[in-house]
Amino acid sequence: MSSIQIAGEDLQFTPGKVPDVPVTGEVIARLAGAKDPKDYLVIQWLRDGQLETLRLDEKARPDDGDTDLRFIVFRSASTYLFEVDGQRLEWGAPRIRGDVLKKLIGVDPTQYGVWQESNQGEDKPVENDKFADLREEGLEVFFTAMQESTEGEVLMGHLPRRCRQYLTHKGFAFSEYAENGSAGVIIDPWKLPEGKYDHQDVSLLLLIPDGYPDSAPDMFYVHPWIKVQGCTNWPNACAASHQFQGRTWQRWSRHWSDWRPGIDGIQAWLVRVQHALKIA
């Protein structure tokens, strides 16, 4: 007998047991109360966060030895693709609630907000109890960010979609902030060149200029302040400070005149940061 969990589109899971028969889509649909499984859609929620549609005659995938498999059951015949924090998922309903989006990506619904990206105007926040429509033309894209800092400032998404996707794909832990008219992204931790500085890693702050990425970024900031090992002075052009999110950051005054609008983005920015730290 297999242990399972079944939920509807609200992701409220109920534990259950499957008799000693193969765990197929039809078996799960019937356990969820389906009289005619053909009217239902079963999606398996895997440990790595992926959602996989399960045909009625298809066996559920063993999930890394996890005997407590999770399934989401919809009274639907259609799936809808969407993307959240760079991860592409499929859903069995034409709309999805804000708190469900957060649960799917694994962030705390009480601490994080979620926004639906828009090609026209500002990105749209999706409250926990509100729904986003997945039926619009094209792929619907969402991103999450902390809703409040320790200072109570509202956090917003200022990075373009391709920059946010790059950071997510590379596995960076990052957060976006808005404070006193300035927008910034903090990457924490940021690894320093091995053996070069008096710290192994820092928090890296990138202030996002108006019009980015068409407008070029300028400078970067680290916390705590760092020195090259064996040196008593700060690196060249690194003695000024900047206040942001309750911390005093070390400003690295580095300027790039060859920024390519429409081409360069966060990838090029971080390469230049790495180079500046390497040659200091």
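That block above? That's the structure.
Residues numbered from 1 in each chain as written. Predicted model: local features only at pLDDT ≥ 70, side-chain atom pairs only at ≥ 80, totals over all residues. Heavy atoms only, no water.

**What to know about the pattern of salt bridges**
Applying the stated criterion to the full structure yields 12 salt bridges. We note a salt bridge from R30 to E26, for which the minimum N-O separation is 3.3 Å. Placement of both R30 and E26 in helix 1 (residues 25-31) is noted, with a separation of 4 residues, approximately one turn of the helix. Relative accessible area serves as the criterion here: at 44%, R30 is assigned to the partly exposed category. A salt bridge links R88 to E83; the shortest N-O distance between them is 4.0 Å. According to the relative accessible area criterion, R88 is partly exposed, its value standing at 48%. Through salt bridges with shared partners, a single ionic network connects R55, D57 and E58. (Salt bridge = Lys/Arg side-chain N within 4 Å of Asp/Glu carboxyl O. Helix = DSSP H or I, 4+ residues; strand = E, 2+ residues; numbered from the N terminus. Buried < 20%, exposed > 50% of the residue type's maximum accessible area, 1.4 Å probe, protein only.)

**Topic: the packing of aromatic side chains**
One pass over the full model with this rule turns up 10 aromatic pairs. When the ring of Y197 is compared with that of W252, the centres are 6.3 Å apart and the planes differ by 70°; the resulting orientation is edge-to-face. Here Y197 is found in the loop between strand 14 (182-191) and strand 15 (201-208), whereas its partner W252 is found in strand 18 (residues 247-252), with 55 residues between them in sequence. The exposure class of W252 is buried, given its relative accessible area of 0%. Considering the side-chain rings of Y212 and W269, the 5.5 Å spacing of their centres and the 50° angle between planes classify their relative orientation as tilted. Here W269 lies in helix 4 (residues 266-279) and Y212 lies in the loop between strand 15 and strand 16 (220-223), a separation of 57 residues in the sequence. Comparing Y212 with W269 shows no difference in burial state: the two are buried. Here the aromatic cluster, defined as three or more aromatic residues joined through ring pairs, consists of Y197, F220 and W252. When the ring centre of F143 is taken as reference, the NZ or CZ atom of R164 above it lies at 3.7 Å. (Phe/Tyr/Trp six-rings, centres within 6.5 Å; stacked < 30°, edge-to-face > 60°. Lys NZ or Arg CZ within 6 Å of the ring centre and 35° of its normal.)

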